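# Geometric and topological summary
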Amino acid sequence: MRVLLVEDHDAVANALVDSLGANGHQPTWCRLGADALTAHHDADVVLLDLGLPDIDGLEILRRLRRVSAVPILVLTARGDERSVVRALRGGADDYLVKPIRLRELLARIEAVSRRAPSGGQPPSAVVRVTDVSVDLDARTVHVGGDPVELTTKEFDVLAVLARKAGAAVSRQQIMDHVWGDAYLAVSRSLDVHMAALRAKLDRPELLHTIRGYGYRLGGSSS
Ligand code: CA
């Protein structure tokens, strides 16, 4: 399983990365909460420390939950009931109080991923809107059968819209997904990527602007 570890303590993180790897997982590690906001896209489960140097873990948890259903296991030195309750209410699937016991951690990773077998991704990986097809797993786009080259961010923007094809998606939702946090993202950069997407797809009638709100891929064009 692809396990994203968000932990600022090097010794703890190294030990966990080694142990997870030795037990058949593919761990990746980041020290900052801000990095978790984008790195979670490639994770089947997230192990989230609450005491992080940049942004409080509970805040990271809240922001991740706005954009993802990925199972999140909170690792905390704060064993007090209030922190644990706040983490669970904030969307954590489970929590472990430090020091972490490895066997228990492995069992809990298994348990939370059993409860969320899709890893937060919708089951259908290819979205088709008229003659545009977006393969969310392969990260490829075809228009009229021909491949279209997109940058990473352009694809990410399109993927957010494709996952909710036919429905309106707000600018904030797009920025949360692609840049990790709407408040950190530069709003202008979304406009730039959207303009590039429109030009590359060459299907202006498919990418609707919803004034004052956001965008929609496909759906009725009124
Ligand atoms: Ca910490």
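Residues numbered from 1 in each chain as written. Predicted model: local features only at pLDDT ≥ 70, side-chain atom pairs only at ≥ 80, totals over all residues. Heavy atoms only, no water.

### Thoughts on the overall build of the protein
- The helix and strand inventory of the protein stands at 8 helices and 12 strands.
- For the protein, whose C-alpha radius of gyration is 19 Å, the value lies close to the compact-globule estimate of 17 Å for 222 residues.
- Taking the principal axes of the C-alpha coordinates as reference, the protein spans close to 55 × 35 × 25 Å.
- For the protein, with 222 residues in total, the buried portion stands at 44%.
- Long-range contacts, defined as pairs at least 24 residues apart, comprise 54% of the intrachain contacts of the protein with a sequence gap of at least 6.
- Total accessible area on the protein stands at roughly 11100 Å², and carbon and sulfur atoms take up 51% of it.
- Positive and negative side-chain charges in the protein, numbering 28 and 29 respectively, have mean positions lying 5 Å apart. (Helix = DSSP H or I, 4+ residues; strand = E, 2+ residues; numbered from the N terminus. Rg over C-alpha atoms; globule rule 2.2 N^0.38 Å. Buried < 20%, exposed > 50% of the residue type's maximum accessible area, 1.4 Å probe, protein only. Contact = heavy atoms within 4.5 Å. Areas by Shrake-Rupley, 256 points an atom, 1.4 Å probe, with all protein chains shown as cover. Lys, Arg positive; Asp, Glu negative; His and termini not counted. Charge placed at Lys NZ, Arg CZ, Asp CG, Glu CD.)

### A few points about the coordination of the calcium ion
- Within the protein, Asp8 (OD), Asp49 (OD) and Gly51 (O) serve as the donor atoms for the calcium ion, at 2.2 to 2.3 Å.
- One chain supplies every donor for the calcium ion, spaced along it as D-x40-D-x1-G. Taken together, the residues aspartate 8 in the loop between β1 (2-6) and α1 (10-22) and aspartate 49 in strand β3 (residues 45-49) connect sequence positions 41 residues apart.
- A relative accessible area of 4% places aspartate 49 in the buried class. (Donors = N, O, S within 2.8 Å, 3.2 Å for Na, K, Ca; no water.)

### Some thoughts on the domain arrangement of the protein
- The assigned domain composition of the protein is domain 1 (2-114) and domain 2 (126-217).
- On a C-alpha basis, the centroid separation for the pair domain 1 and domain 2 is 29 Å.
- The interface is formed by 6 residues belonging to domain 1 together with 8 residues belonging to domain 2.
- Buried surface at the junction of domain 1 and domain 2, summed over both partners, amounts to about 660 Å²; 49% is from carbon and sulfur atoms.
- Counting every contact that joins domain 1 to domain 2 gives 1 salt bridge.
- Between arginine 66 and aspartate 176 there is a salt bridge, with its nearest N and O atoms 3.1 Å apart.
- Those elements giving two or more residues to the side of domain 1 that touches domain 2 turn out to be α2 (33-39) and α3 (57-67).
- Top element by residues in the side of domain 1 that touches domain 2 is α3. It accounts for 3 residues. (Domains from an automatic or database assignment. Buried area = accessible area lost by both parts, 1.4 Å probe. Salt bridge = Lys/Arg side-chain N within 4 Å of Asp/Glu carboxyl O.)

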